[in-house]
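# Examination of the molecular architecture
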Amino acid sequence: MKLNVWLILILGGLATLGPLGTDLYLVALPTMSEEFGVTGATISLTLSAFTIGMALGQLVIGAVSDRLGRRRILMAGLTIMMFAAGFAAISPTAPALIVACAFMGTAAATGLVSGRAVVSDLASGHAATRAFSFLGLVTGLGPMIGPVLGVVFLTTWGWRSMFGFMAVFAAVWLLLVFLFVGESLPPEKRQVKSLKQMLLNYPEMFADPVFRYHALTFWSVFGTIFAYIAASSFLIMGILEQPVYMFTVTFTATALTGFSTGMLSTWLAKRVRARSLIRTGLIGMSFGALLLASLVFTGNREYPLYLLAMIFLTGMFGFIAGPSNSMALTFQRHRGGTAFSVMGFMQWVIGGVASAVIAASGQATAVPFAVAALLGTGLAILFFNLGRTPAAAIDA
């Protein structure tokens, strides 16, 4: 099996199950809260359950795919997603919906880990950087179309139709994987270690400074992105008192920027070192975080300025995601599934914690969001700079 555009499109669709699954119903959180008679903080736990499910699922799925192969794991995950989303669509209570979202997140983990592991199996070096950037580009369509579809479903058929759509989406992709995705990890290259030996992979990976610092950079950026996702609906429609369609405008603008930077990153990967692309993204994020903080702490409520801040804060992700993943895997391709399970686990744990903290902080202030943006961006810059020396000898 060769890595081509068609395969990356399918893998990108698999990875989209995660971000699409959350972004699709963000606009419906207030409606869901009202229907179930629970607080906004309680209904936001569906988002935390989804992300924590993805985190825990990835921790297991990566190592299992290194041992059993990628294809069967992908098909099992899509099957679980199909049934879990179907149950979410008919959930009678908020706790039942939270449980369904946890299963959906766990199922989405298969696409996030095994899909990226397929790229790692089939490409390395500049080719891997381009492939990961393009994969991120396709995955970025989820945040771009998710809120738009969410508004359409909410206003036309109600919030339950969103989860019905996810069930159908999973069924279609299950068919595509069955027909077009072969096994990228042949039996002779699979991990045959005992469980104890496989667990030793984790400290060995963190002993690699190239993996450690680029993974930490990626996690810090992702935590910032998820703080934005968790805060956006209540910030835009609550604090800034904008109508529902402006929430869609905001999410579409930030996602379109991320899509554009991802496209540019894919094109530049043959010409520019991966760390240079990451540095560009961090500079843009810093501007967004500082602008956001200045607006929040001065009490300014001008929507256009908030939009500009959020575009820079989140839209630079396209410069960071693919190159940081490629750099982290430089010396870990022989256990790509396990490496991506660690990256994915921490990615979504941090995302889940960030969303829970933002939700628990209430809906009346944007200060927690501003602090999270400053902290996440600052940590990303710190870890990126710590990775300068170990990465100096790598031509990427």
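Reference entry: report on the structure contained in this document.

Procedures and definitions
Residues numbered from 1 in each chain as written. Predicted model: local features only at pLDDT ≥ 70, side-chain atom pairs only at ≥ 80, totals over all residues. Heavy atoms only, no water. 1 Å grid on protein atoms, 1.4 Å probe; cavity = no way out; pocket = protein on both sides within 12 Å on 5 of 7 lines; lining within 4 Å. Points joined across faces, edges and corners; volume = space filled by probe spheres on them. Helix = DSSP H or I, 4+ residues; strand = E, 2+ residues; numbered from the N terminus. Nonpolar A, V, L, I, M, F, W, Y, C, P; charged D, E, K, R; others polar. Axes fitted to C-alpha atoms, helices over the stretch in contact; angles between N-to-C directions. Parallel < 35°, antiparallel > 145°, perpendicular 65-115°, else oblique. Left-handed = near helix turned anticlockwise from the far one by under 90°. Contact = heavy atoms within 4.5 Å. Expected span 1.5 Å × (residues − 1). Patch = residues over 30% accessible without salt bridge, like charges linked within 9 Å, V, L, I, M, F, W, Y side chains within 5 Å. Areas by Shrake-Rupley, 256 points an atom, 1.4 Å probe, with all protein chains shown as cover. Salt bridge = Lys/Arg side-chain N within 4 Å of Asp/Glu carboxyl O. Core = buried A, V, L, I, M, F, W, Y, C linked by side-chain atoms within 4.5 Å. Buried < 20%, exposed > 50% of the residue type's maximum accessible area, 1.4 Å probe, protein only.

Rolled over the atoms, a probe with the dimensions of a water molecule shows which regions are left empty. When its volume is computed, the largest pocket comes out at roughly 340 Å³. Along the wall of the largest pocket there are 18 residues; nearest its centre are Gly223, Ile350, Ala354, Ala372 and Leu375. Of all the elements in the fold, those that place two or more residues in the lining of the largest pocket are helix H12 (209-239), helix H17 (336-360) and helix H18 (367-386). Top contributing element to the lining of the largest pocket by residue count: H18, with seven residues. Looking at the lining of the largest pocket residue by residue, the classes come out as 14 nonpolar, four polar and no charged. Lining the second largest pocket we find Leu3, Asn4, Val5, Ile8, Ala127, Arg130, Ala131, Phe134 and Thr266.

As a further point, take the packing of helix H14 (residues 274-298) against helix H15 (residues 303-315). Running from N to C, H14 and H15 point in directions that differ by 150°, and their axes come no closer than 7 Å. By the angle class used here, H14 and H15 are roughly antiparallel. Handedness of the H14/H15 crossing: left-handed. Residue-level contacts link Gly284, Met285, Phe287, Gly288, Ala289, Leu291, Leu292, Leu295 and Val296 of H14 to Leu305, Tyr306, Leu308, Ala309, Phe312 and Leu313 of H15. For the contact of H14 with H15, the per-class residue count stands at 13 nonpolar, two polar and no charged.

We now examine H14. Between its first and last C-alpha atoms H14 spans 37 Å; for 25 residues at 1.5 Å apiece the expected length is 36 Å, and the two agree. Gly299 sits one or two positions beyond H14 and adopts a positive phi of about 80°.

Our next topic: a nonpolar patch on the surface. Among the surface-exposed residues, Val5, Trp6, Leu9, Leu175, Phe178, Leu179 and Phe180 lie close enough to one another that they form a single nonpolar patch of about 710 Å² accessible area. The set of elements that each furnish at least two residues to the nonpolar patch consists of helix H1 (5-23) and helix H9 (160-180). Inspection of the secondary structure puts Leu9 in helix H1.

The subject of this paragraph is the nonpolar core. Among the nonpolar cores identified, the biggest contains 122 residues, and Leu97, Met104, Trp159, Met162, Phe163, Met343 and Phe369 are the most heavily contacted of them. For this core, the leading source of residues is H12, giving 16 residues. Beyond its immediate stretch of four places on either side in the chain, Leu97 contacts Met32, Phe36, Ile43, Thr46, Ala88, Ser91, Trp159 and Phe163.

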